[in-house]
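# Coordinates in review
Residue strings, one per chain:
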Amino acid sequence: MLTKFGRMARDYRLRHGWLLHDMAKVFRLGTAQLSGDECGRAEPPEDVKEALVSLTLETSEKEWRMKNWSKQKRHSSR
């Protein structure tokens, strides 16, 4: 069963087109460990949880800024 961490990790990973191997390298984990963390078989270390939250917030902020920047750009060019 997916945990909150597992859902966030999988969503982030799939949104960026990453395989488990790719994301495991980012977190400096083994692929099997990340898989266990994603699926709820294991509890991820606190530093991994914090890193995922930071990545997710950073990405969300960038997406929000890009979306609003393009809207602002359209309005200012009128």
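Residues numbered from 1 in each chain as written. Predicted model: local features only at pLDDT ≥ 70, side-chain atom pairs only at ≥ 80, totals over all residues. Heavy atoms only, no water.

## So, the packing of aromatic side chains
- Counted by the stated rule, this structure contains 1 aromatic pair.
- Plain terms: the ring middles of tyrosine 12 and tryptophan 18 are 5.7 Å apart, the flat faces sit at 75° to each other, and that makes the pair edge-to-face. (Phe/Tyr/Trp six-rings, centres within 6.5 Å; stacked < 30°, edge-to-face > 60°.)

## Looking at the confidence of the model for the protein
- Residues of the protein with pLDDT of at least 70 account for 82%, and the chain-wide mean is 84.
- Least confident of the elements in the protein is helix H4 (residues 46-76), whose mean pLDDT is 74; most confident is helix H3 (residues 31-39), at 95. (pLDDT = per-residue confidence, 0-100. Helix = DSSP H or I, 4+ residues; strand = E, 2+ residues; numbered from the N terminus.)

## Re the nonpolar core
- Counting 11 residues, the largest nonpolar core is built from Phe5, Ala9, Tyr12, Met23, Ala24, Phe27, Leu29, Leu34, Val48, Leu52 and Leu55.
- Looking at this core, the elements that each hand over two or more residues are helix H1 (4-15), helix H2 (20-27) and H4. (Core = buried A, V, L, I, M, F, W, Y, C linked by side-chain atoms within 4.5 Å. Buried < 20%, exposed > 50% of the residue type's maximum accessible area, 1.4 Å probe, protein only.)

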